[in-house]
Amino acid sequence: MSEKIIQQNPVLISTRGLTKRFGSKDVLKGIDCDIRVGEKVAVIGPSGSGKSTFLRCLNLLELPSGGVVTVDGAVLFQSDMQAKKDVLDAIKAQIKAVKSGEASPEVKAHQEEAAALKEELLHAHAELKDAATKAKLAAIKLAKKSGGVTEEDVQDAVAAREKATAVVAELKARLSAVNAKIKQKKAEAKKNVDAAELQRLNEALTQAKAEYATAKKAHNAAMRKTNAVIDEHRRNMGMVFQHFNLFNNLTVTENITLAPVSLGIKDLAAKRKELLKRKLFKHEDVTEQLAALPDKLEIIENAKTNAKRLLARVGLLDKADVFPSTLSGGQKQRIAIVRSLAMNPRVMLFDEPTSALDPEMVGEVLEVIKELADEGMTMVIVTHEMNFAKEVATRVLFVDDGLIKEDAPPADLFGNPQNDRLKEFLSKIL
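One numbering rule holds for all chains: residues counted from 1, following each sequence as written. Note on the predicted model: pLDDT of at least 70 is required for a residue's local features to be given, and 80 or more for side-chain atom pairs to be given and counted; whole-chain, interface and lining totals, by contrast, use all residues. Water and hydrogen atoms play no part in the side-chain values, which are based on all heavy atoms of the structure.

Draft legend 1. Examining the sheet that holds strand 2 (residues 25–36) more closely. Should DSSP find at least two bridges between two strands, the strands are regarded as paired. Strands here mean DSSP runs of E at least two residues long; helices mean DSSP runs of H or I at least four residues long; both are numbered from the N terminus. Read from one edge to the other, the open sheet built from four strands follows the order 2-1-4-5, with strand pairing classed as antiparallel. Across the chains shown, the open sheet's two edge strands, defined by having one partner strand only, are strand 2 and strand 5 (74–79). This sheet shows a mean twist of 10 degrees between the axes of neighbouring strands, independent of strand direction. Across nine bridges, strand 1 (residues 11–22) lies against strand 2 in antiparallel orientation. Each bridged residue has a counterpart across the sheet, and for Thr19 the counterpart in strand 2 is Lys29. By definition, residues are in contact when any of their heavy atoms lie within 4.5 Å. Axes, fitted as lines to C-alpha atoms, cover a helix only where it is in contact. Angles between the N-to-C directions of the axes lie from 0 to 180 degrees. Of the strands in this sheet, strand 1, strand 2, strand 4 (66–71) and strand 5 touch helix 2 (residues 51–58), which is tilted by about 120 degrees from strand 1. Here helix 6 (residues 195–235) sits on the sheet and contacts strand 4 and strand 5; the angle it forms with strand 5, its principal contact strand, is near 140 degrees.

Here's what the structure looks like:
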């Protein structure tokens, strides 16, 4: 499918302002991205840049901290609660700084001076430790008359130690004096708090609290809706991880059919319950609909038949009844791909699918992914295989420091990169 035709296809997955925070670390800092039906999007970038986190946020395996995720036109996640919380925390910190004197320009200047002195002191302590070790070693060598050490060498080493000791003492004294100034200026600032500024901040705090409460309420309501439909959306998103995550106590076929059978039986129960409610409360004749429902055995047999068809497709039909422990890494990953395909997804998400494989096994997995791409499957692939990205992807995203720094067709991104960080990245791996 040509790039021009793909651009006319509807958007399947969309993100706006997508953020993710782990503790105090912002991993995703605002991702805006549209993935259209039929696209093969490769995501590249240095380790720790947020690639895998972005992928896992698409189907909410990782709950985003903020932003919007839309799947097939339906909002799957939407929240600005964290952003409102950040504003609230920032205002609280400002009020605390004003009341404690921390906001005083003089206090800040002295604190910067103290921080610089602490760095110097840390370095001076290291030099003193080194000088003390050398002086002690020189004295031992002189006593043992080894290494050609003279009395003069020992005196020089001791002098160096004493000089380093003096530097440490001087820095400590300077740091103590600066800390005293900080304490004094804080006390002065606390006595002369700007009442107008404090009132302004308190008014801002009241507003921020109200906005956060509203955002929290909206977030909770949105998550209730999301939790009600998340399983249905995930059925349409197959995901293959870096590690195979196969159940070693189940055969290959059992691994593949586990989800289709479980969900099929769950759906069957829900449909039967709905029909019986219609019969009981609306007095409808649902005999034909009930008779048309498959039984559990039929669901199991259909899942096994589909599993065998998919195994044949990847050349592993002869492994249908073996356990994963008997398979190679490449075979396990192909089984993992088949397991995702068994749910008949609309999009496949691949999280570095070859990173855990030996080099000779990479090719067989990439070949399966290429075949899926040729058949028109929508894909998002986090990968370090640059040649694969060039060959298969219709678009390549370069992610660095939690942001998409460049988004372009492979020929443009690899052949004429615009972003300086991307140029540096490609120069190291190509």
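Draft legend 2. The arrangement of the packing of helix 7 (residues 252–281) against helix 10 (residues 329–341) in detail. At their nearest, the axes of helix 7 and helix 10 sit 8 Å apart, and the two run at 30 degrees to each other. Regarding the angle of helix 7 to helix 10, the classification is roughly parallel. Here the hand of the crossing between helix 7 and helix 10 comes out right-handed. Here Val252, Asn255 and Ile256 of helix 7 lie close against helix 10, whose contacting residues are Ile335, Val338 and Arg339. Just so you know how the angles are binned, under 35 degrees is roughly parallel, over 145 roughly antiparallel, 65 to 115 roughly perpendicular, and the rest oblique. Crossings are assigned a handedness: left-handed for a near helix turned anticlockwise from the far helix by less than a right angle, right-handed for a clockwise turn.

Draft legend 3. Structural context of the pairing of strand 7 (residues 347–351). Only protein chains enter the area calculation, which uses a 1.4 Å probe; residues under 20% of their type maximum are buried, those over 50% are exposed, and those in between are partly exposed. Most of strand 7 sits out of view: five of its five residues are buried. Of the two faces of strand 7, the one carrying Val347, Leu349 and Asp351 and the one carrying Met348 and Phe350 are both buried. In terms of strand pairing, strand 6 (residues 237–240) meets strand 7 through four bridges, oriented parallel. Each residue of the ladder has a partner; that of Met239, found in strand 7, is Leu349. Across five bridges, strand 7 lies against strand 8 (residues 378–382) in parallel orientation.

Draft legend 4. How the structure looks around the environment of Thr305. By secondary structure assignment, the location of Thr305 is in helix 9 (residues 296–313). Overall, Thr305 belongs to the exposed group, its relative accessible area being 53%. Separated by 60 residues in the primary sequence, Thr305 and Asn245 have C-alpha atoms spaced 22 Å apart.

Draft legend 5. Here's a closer look at the side chain of Ser49. Of note, Ser49 is situated in the loop between strand 3 (40–44) and helix 2. When neighbours within four sequence positions are excluded, Ser49 is seen to be in contact with Val27, Val399, Asp400, Asp401 and Gly402.

Draft legend 6. Region of the structure containing the pattern of salt bridges. Whenever a carboxyl oxygen of Asp or Glu lies within 4 Å of a side-chain nitrogen of Lys or Arg, that contact is scored as a salt bridge. Applying the stated criterion across every chain yields a total of 27 salt bridges. For the salt bridge of Arg395 with Glu39, the shortest nitrogen-to-oxygen distance reads 2.9 Å. With Arg395 in strand 9 (residues 395–400) and Glu39 in the loop between strand 2 and strand 3, the pair connects residues that are 356 residues apart, well separated along the chain. Comparing Arg395 with Glu39 shows no difference in burial state: the two are buried. When the shortest N-O distance is used, the salt bridge between Asp72 and Arg346 registers 2.4 Å. Of this pair, Asp72 sits in the loop between strand 4 and strand 5 while Arg346 sits in the loop between helix 10 and strand 7, and the two are 274 residues apart along the sequence. Since its relative accessible area comes to 45%, Asp72 is described here as partly exposed. Judged by its relative accessible area of 37%, Arg346 falls in the partly exposed class. Overlapping salt bridges, with partners in common, bring together Asp400, Lys405, Arg421, Glu424 and Lys428 in one network.

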